[in-house]
Each structure stands twice: as C-alpha cells, then as structure tokens.
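# Coordinates in review
Spelled out, the chains give:
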Amino acid sequence: MIRAARLAAGTSLVLLIVLCLAWEMWLAPLRPGGSWLALKAAPLALPLGGVLSGRRYTYQWSSMLILAYFAEGVMRAWSERGLAQALAGAEIALSLAFFAATVAYARLNRAGA
C-alpha cells in the first residue's frame, strides 16, 4: 500500500509538471508562441526529489503546495473554453491524485506505525 501511494504521488507529480509546461508553451498558451506562465511548473520541481526518494516530510509540505494548482485548475476550468478548459480539468485531476497519494503515504508511513 505504501509503495502504491509513493508510485501514484511520483507519477502524478511528474505528469503535472509535464502538463504545466506543455499547456503554457505549446498546447494552449495565453499568448502565441508560449507564455511566461510556464514558470508555474518550477515550484513543482522542488518536492520532486523528496517525493521520488520517499521522504515523509516532503510529502507533508507538498500536499499543501499542490492546493494552489488545484485552485488554478478550478478557476481556469470555470473561465476558459476549449482545449484550455480540458487541460484545466486534467490539472484538477492530477492535483487531486497527488494530494490523495501524499496524504495516504504520510499516514501509512507514520513514525511508530
């Protein structure tokens, strides 16, 4: 169960980084040719090492970081149309998957458990 949570967290985080970059650079950027908004993927790289190596503390704080991406996805799903709206839906799904996996991992990997 711990291994599944760790795999789900790592996979969803990597996919979310790829989604953010592809969305703002090629798929549906705010401006033709790409957007500086692609830098929103940079904070997601901060917990990547800790998540992939299974550091419990990283799982704990990154579960709070991901809520900003969930909020952005909800806002853009509501305000955008077409491909950008579908990409926002994917951002919502990946951020929820990451949140659930990080919380599950942190609970299963408790000290003394």
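Here is what the cut-offs are and how they apply
Residues numbered from 1 in each chain as written. Predicted model: local features only at pLDDT ≥ 70, side-chain atom pairs only at ≥ 80, totals over all residues. Heavy atoms only, no water. Core = buried A, V, L, I, M, F, W, Y, C linked by side-chain atoms within 4.5 Å. Buried < 20%, exposed > 50% of the residue type's maximum accessible area, 1.4 Å probe, protein only. Helix = DSSP H or I, 4+ residues; strand = E, 2+ residues; numbered from the N terminus. Axes fitted to C-alpha atoms, helices over the stretch in contact; angles between N-to-C directions. Parallel < 35°, antiparallel > 145°, perpendicular 65-115°, else oblique. Left-handed = near helix turned anticlockwise from the far one by under 90°. Contact = heavy atoms within 4.5 Å. Nonpolar A, V, L, I, M, F, W, Y, C, P; charged D, E, K, R; others polar. Expected span 1.5 Å × (residues − 1). Bend = angle between axes of the 7 residues up to and from the residue. Phe/Tyr/Trp six-rings, centres within 6.5 Å; stacked < 30°, edge-to-face > 60°. Lys NZ or Arg CZ within 6 Å of the ring centre and 35° of its normal.

As a further point, take the nonpolar core. Counting 24 residues, the largest nonpolar core has Leu16 and Leu44 as its most contacted members. Elements that contribute at least two residues to this core include exactly helix H1 (2–27), helix H4 (56–79) and helix H5 (83–108).

How two helices pack is summed up by the angle between their axes together with the distance between the axes. At a closest axis distance of 13 Å, the pairing of H1 and H4 adopts a crossing angle of 40°. As the angle between them shows, H1 and H4 are arranged oblique. Both H1 and H4 take part in a crossing whose hand is left-handed. The segment H1 lies against H4, with Arg6, Ala9, Leu16, Cys20, Trp23 and Glu24 engaging Tyr59, Ile66, Tyr69 and Arg76. Along the lines of polarity and charge, the residues of the contact of H1 with H4 split into 7 nonpolar, no polar and 3 charged.

Here H5 contains 26 residues, and its C-alpha end-to-end distance of 37 Å stays within 8% of the 38 Å for a straight helix at 1.5 Å per residue. Buried residues along H5 sit against H1, helix H3 (48–53) and H4.

It is worth spelling out H4 at this point. The terminal C-alpha atoms of H4 lie 36 Å apart, and with 24 residues this matches the ideal 34 Å at 1.5 Å per residue to within 8%. The axis of H4 is deflected most strongly, by about 30°, at Ser63. Taken together, the buried positions of H4 are occupied by Thr58, Tyr59, Ser62, Ser63, Ile66, Tyr69, Glu72, Gly73, Arg76 and Ala77. Contacts made by the buried residues of H4 are with H1, helix H2 (42–45), H3 and H5.

For the structure on display, the rule yields 1 aromatic pair. Between the NZ or CZ atom of Lys40 and the centre of the ring of Trp23, over which it lies, the distance is 4.1 Å.

This part takes up the side chain of Glu24. Here Glu24 is to be found in helix H1. Judged by relative accessible area, which is 0%, Glu24 ranks as buried.

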